[in-house]
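# Structural features, examined
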Amino acid sequence: MLSILVCHSYFLRLDQKQIARAKPYPPLATLQVVSLLRDAGHRVAFFDAMLAEGIEEYDQLLTSEAPQLVLFYEDNFNFLSKMCLATMRRAACDMIGSARRAKARVIAAGPDVSDAPGPYLRAGADLALVGEGLTTLLELLPRLDAQLHIANEELVRGLSGISSLSAGKVVKASGAKGLALAKDAGIAAWDLVDMEQYRSVWMKAHGYFSLNMAASRGCSFRCTWCSKPIWGNQYLQRSPLEVAAEMAHLKQAFNPDHIWFADDIFGFRVEWVAQFAAATRAADAQIPFNIQTRADLISERMALALSEAGCKEAWIGAESGSQKILDSMNKGTTVPEILTARARLKSAGIRVGFFIQLGYIDEQLEDILATRDLLAAAEPDEIGVSVSYPLPGTKFYDLVKAQMRAKTHWHESNDLDMMFQGTYTSDFYRAVRNLLHDQVALQTSDKPLLPEHERAMDAIEQRWQELLRNESKYRSSSQIPAAMA
């Protein structure tokens, strides 16, 4: 069987915002692949870039293990991997170069690899897997095991879902119909994680220790901006009993204080959530957890079921307070649904976070102010603010690609740089982001000193008024102020 080094390239130290947040999670999808390969009988080593000091640690492991194959499998549950930050792509390409110098075969997989295989192949990867790639990978490995130095053309014969280089150009294998997604990616190889290193970071910054899980893969909804290079529009849900069993294992082995479910949509159906709650109680596996969900899924029954299951915080993709923008995004939710979901979750004792997206196509000043009003009315406990980020393979990308500038990826997650010709410049959206964050922080703060609180609210309002007085100065060159139209 093959000796394989499985790794990823998300180095926390390369992203200043995430260093400051100090909420690192092990690379879940990468660890699931490790389990899959070990079950298949291969000798597997693992390199975790998340808390590594640098590529030197990877190079040392590469030398000591001398693997026949290096598999770069990015964590598909990490939304920052989907955004394919420029620093992480560069790290991956440097690591691929090291693997080739060590005479290893190299296969790369992940969201950015699926969208843009060229940089990884030109860095030295033999093959790039498109999408999840697990079933394709399991077809490739016996061929490599039988003949390690087999030519790429022979290696991929009869298969699809693979990209490689031919005469310097990226080509896709034209074999049989693409293999289906793996029915289940399995339980992660948690035993290979340096849990005490993760625990130390969490305890020092937050006073508790959180681990990550996933109860499903994918999302069946079709928001225009959402990139789905891995699972497409499929939603694959695990058995509630299986998820509860993994939670029991984590509780017994590592005793985390908290779980972050990395699903795009957790639970989906009330019945599943209720079964999960019963299963965790039966297994003495209940751990407080956070989730992501949609406003239109939060019925009163769902809010109560989530609370009974142990959900402490739910993040909703609110995106905008403007119905015009929500409809343009094909979000499928309404502003009243967002407000209702917030109220239902609050009544069930669940904290609520809103994801907010600024700068979508044709978003005007009144739409931004509608978002401000939504936050004032809903009073979420926390928000995350970004600007619309065009990713290949999305309808949104197709709509704005003619306006795309030279910069195609953010350098790191705090970049917030507009990559197409929106209504306003990046500086305007950064100013709005700061105001929205300050507004929510003040709304959720304790208010024993009422005069001080009122002065703080007045200060925020003055900042809004100053920004609004000067908003025409922030308009992109191609945009005409509404008053002049």
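For the structure itself, consult the block above.
All values derive from a computational prediction rather than experimental measurement.

## Structural notes on the overall build of the chain
Each helix and strand counted, the chain has 19 helices and 15 strands in total. Computed over C-alpha atoms, the radius of gyration of the chain comes to 23 Å, within 12% of the 23 Å expected from 2.2 N^0.38 for 485 residues, which places it in the range of a compact globule. The principal-axis extent of the C-alpha atoms belonging to the chain is close to 75 × 60 × 40 Å. A total of 485 residues make up the chain; the buried ones form 55% of that total. Restricting the contact set of the chain to residue pairs at least 6 apart, pairs at least 24 apart contribute 74%.

## Comments concerning the pattern of salt bridges
Enumeration over the complete set of coordinates arrives at 25 salt bridges. The closest approach of N and O atoms between Asp 296 and Arg 294, which form a salt bridge, is 3.0 Å. Of the residues examined, Arg 294 reaches a relative accessible area of 6% and is grouped as buried. The shortest N-O distance in the salt bridge between Arg 475 and Glu 471 comes to 3.3 Å. Each of the two residues, Arg 475 as well as Glu 471, counts as buried.

## Topic: the packing of helix α12 (residues 270-282) against helix α13 (residues 300-309)
Interaxial distance between α12 and α13 falls to 9 Å at its minimum, and their mutual angle equals 15 degrees. By the criterion of interaxial angle, the relationship of α12 to α13 is roughly parallel. The element α12 and its partner α13 pack so that their crossing is left-handed. Residues Val 270, Glu 271, Val 273, Phe 276, Ala 277 and Arg 281 of α12 form the contact with α13, whose participating residues are Arg 301, Met 302, Ala 305, Leu 306, Glu 308 and Ala 309. Its residues assigned to classes, the contact of α12 with α13 comprises eight nonpolar, no polar and four charged.

## Thoughts on the pairing of strand β4 (residues 105-109)
With respect to burial, β4 is a largely interior element, five of its five residues being buried. Burial along β4 is two-sided: the face carrying Arg 105, Ile 107 and Ala 109 and the face carrying Val 106 and Ala 108 are both buried. Note that strand β3 (residues 69-73) and β4 share five bridges and pair parallel. Bridge pairing in β4 places Leu 69 opposite Arg 105. Sheet topology note: the β4/strand β5 (residues 127-129) ladder contains three bridges and is parallel. Bridged to Ala 109 within β5 is Leu 129.

## Notes on the pairing of strand β1 (residues 3-7)
Within β1, five of the five residues are buried, which leaves it mostly tucked inside the rest of the structure. The alternating pattern of β1 places Ser 3, Leu 5 and Cys 7 and Ile 4 and Val 6 on opposite faces, both of which are buried. In terms of strand pairing, β1 meets strand β2 (residues 43-47) through five bridges, oriented parallel. Pairing of Ile 4 across the sheet is with Val 44, part of β2. With four bridges joining them, β1 and β3 adopt parallel strand pairing. Across the sheet, residue Cys 7 finds its bridge partner in β3, namely Phe 72.

## Side note on the sheet that holds strand β15 (residues 382-387)
On the basis of which strands lie adjacent, the open sheet formed by six strands has the order β8-β11-β12-β13-β14-β15 and parallel pairing. Since the sheet does not close on itself, it has two edges, and those belong to β8 (210-213) and β15, each with one partner. Here the strands of the sheet are splayed against their neighbours by 20 degrees on average, with no regard to which way each runs. Relative to strand β12 (residues 289-293), strand β11 (residues 258-261) runs parallel, the two being bridged by two bridges.

## Some thoughts on unusual backbone geometry
Its identity as a non-glycine residue notwithstanding, Phe 268 has a phi of 65 degrees, on the positive side. Along the chain, Phe 268 falls in the loop between β11 and α12. You can call Phe 268 partly exposed: its relative accessible area is 25%. Backbone geometry places Glu 379, a non-glycine residue, at a positive phi of 50 degrees. Here Glu 379 shows up in the loop between α16 (365-378) and β15.

## Notes on helix α15 (residues 335-347)
In this model, α15 (13 residues) spans 19 Å end to end at C-alpha, consistent with the 18 Å of a helix rising 1.5 Å per residue. At the C-terminal side of α15, Gly 349 shows a positive phi close to 80 degrees.

## What about the sheet that holds β5?
Taken together, seven strands build an open sheet; the order of strands is β2-β1-β3-β4-β5-β6-β7 and the sheet is mixed. Two strands bound the open sheet, and with one partner strand each, they are β2 and β7 (169-172). Sheet twist, expressed as the mean angle between neighbouring strand axes with direction ignored, is 25 degrees. In the sheet, β5 pairs with strand β6 (residues 162-166) via two bridges, with the strands oriented antiparallel. Looking at the pairing, Leu 129 lines up with Ile 162 of β6. Where helix α3 (residues 55-65) meets the sheet, its contacts fall on β1, β2 and β3, and the angle it forms with β2 comes to roughly 165 degrees.

## Considerations on the nonpolar core
Among the nonpolar cores identified, the biggest contains 127 residues, and Trp 190, Phe 261, Phe 276, Leu 306 and Phe 354 are the most heavily contacted of them. Ranked by residues supplied to this core, first place goes to helix α18 (residues 426-444) with seven residues. Ranked by size, the runner-up nonpolar core spans 26 residues in total, among them Cys 93, Ile 96, Val 106 and Leu 121.

Criteria and cut-off values
- Residues numbered from 1 in each chain as written.
- Predicted model: local features only at pLDDT ≥ 70, side-chain atom pairs only at ≥ 80, totals over all residues.
- Heavy atoms only, no water.
- Helix = DSSP H or I, 4+ residues; strand = E, 2+ residues; numbered from the N terminus.
- Rg over C-alpha atoms; globule rule 2.2 N^0.38 Å.
- Buried < 20%, exposed > 50% of the residue type's maximum accessible area, 1.4 Å probe, protein only.
- Contact = heavy atoms within 4.5 Å.
- Salt bridge = Lys/Arg side-chain N within 4 Å of Asp/Glu carboxyl O.
- Axes fitted to C-alpha atoms, helices over the stretch in contact; angles between N-to-C directions.
- Parallel < 35°, antiparallel > 145°, perpendicular 65-115°, else oblique.
- Left-handed = near helix turned anticlockwise from the far one by under 90°.
- Nonpolar A, V, L, I, M, F, W, Y, C, P; charged D, E, K, R; others polar.
- Pairing = 2+ DSSP bridges.
- Expected span 1.5 Å × (residues − 1).
- Core = buried A, V, L, I, M, F, W, Y, C linked by side-chain atoms within 4.5 Å.

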